[in-house]
Amino acid sequence: MEITEMKITYLINQVQPDGSTRLSTATATEWRSAVHTNKDLPLDRQRYFIRDYIADGDDMDCMVIEVSASEYIQWDKDRSAARRNREAGKGFHVFSLDAPLADTDGAKTRLEQLPGQTRLESMVCDSVLMEELKEALAAWKPWATDLLELYLNGQKRACTEILSQKYGVSPQVIRKYKRQFEEFAKKFLKGVSF
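Residues numbered from 1 in each chain as written. Predicted model: local features only at pLDDT ≥ 70, side-chain atom pairs only at ≥ 80, totals over all residues. Heavy atoms only, no water.

Student: Looking at this structure, how should I read the pattern of salt bridges?
Tutor: Side chains that differ in charge, positive against negative, can pair when their charged atoms come close. Overall, the coordinates contain six salt bridges when judged by the stated rule. Where lysine 90 meets glutamate 87, a salt bridge forms, and the shortest distance between an N and an O atom there is 3.1 Å. Exposure remark for lysine 90: the relative accessible area of 61% places this residue in the exposed category. Since its relative accessible area comes to 48%, glutamate 87 is described here as partly exposed. Across the pair lysine 166 and aspartate 146 runs a salt bridge whose closest N-O atoms are separated by 2.9 Å. Taken together, the residues lysine 166 in helix α6 (residues 159–167) and aspartate 146 in helix α5 (residues 144–152) connect sequence positions 20 residues apart. (Salt bridge = Lys/Arg side-chain N within 4 Å of Asp/Glu carboxyl O. Buried < 20%, exposed > 50% of the residue type's maximum accessible area, 1.4 Å probe, protein only. Helix = DSSP H or I, 4+ residues; strand = E, 2+ residues; numbered from the N terminus.)

Student: Hey, could you run me through the packing of aromatic side chains in this one?
Tutor: Between two aromatic rings, the relevant description is the distance of the centres plus the angle of the planes. Tallied over the full model, the rule gives eight aromatic pairs. Ring geometry for tryptophan 31 and phenylalanine 49: centres 6.1 Å apart, planes at 80°, overall edge-to-face. You can see tryptophan 31 sitting in helix α1 (residues 28–38) and its partner phenylalanine 49 sitting in strand β3 (residues 48–56), a full 18 residues away along the chain. With a centroid separation of 5.3 Å and 35° between ring planes, the pair formed by tyrosine 48 and tyrosine 72 is classed as tilted. Here the residue tyrosine 48 occupies a position in strand β3, and tyrosine 72 occupies one in helix α2 (residues 69–89), the gap between them amounting to 24 residues. Looking at tyrosine 72, the relative accessible area reads 25%, which means it is partly exposed. What links up through ring pairs into an aromatic cluster is the set Trp140, Trp143, Tyr177 and Phe184. Lysine 141 extends its terminal NZ or CZ atom over the ring of tryptophan 140, reaching a point 5.9 Å from the ring centre. (Phe/Tyr/Trp six-rings, centres within 6.5 Å; stacked < 30°, edge-to-face > 60°. Lys NZ or Arg CZ within 6 Å of the ring centre and 35° of its normal.)

As structure tokens, then:
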């Protein structure tokens, strides 16, 4: 591969015969002169330059362009952010989802381990629905969330005795609570739509 010298083009604002300024090609000497006189100018009159690289086939060309102060500030912010992102990116590893897992002898990929999109959406909806149901039950009756937890833990039959002791009421009252709870949950779930 042949390495060629990078071509640098300087574009600076030059005063035209009619008094206007226009971006024009300049020599390296003219650009250096503009940068040198910049040191002695007040901030509001200083000139600002940005660098841009352009790929031309196998060659890279550099352009040094005079811009306004606001354009320079934005360019510098973008360049600084890109540098920070590159540095932060060094701490991350990228893995292909199609790469075979080491412990499966190439039989399974990471992609196969992820839940399907529909399944993931369903899981999120179920979670949101459960939180809404818990909030509605807590607002309805103080014992209703206890019943929900016991039902979810598979203790529908045992909950009568557990809640009877917790709330100091007869099992018959708890059975009445269970019927009310089941009716409330059915109405709530019937009224919910995603």
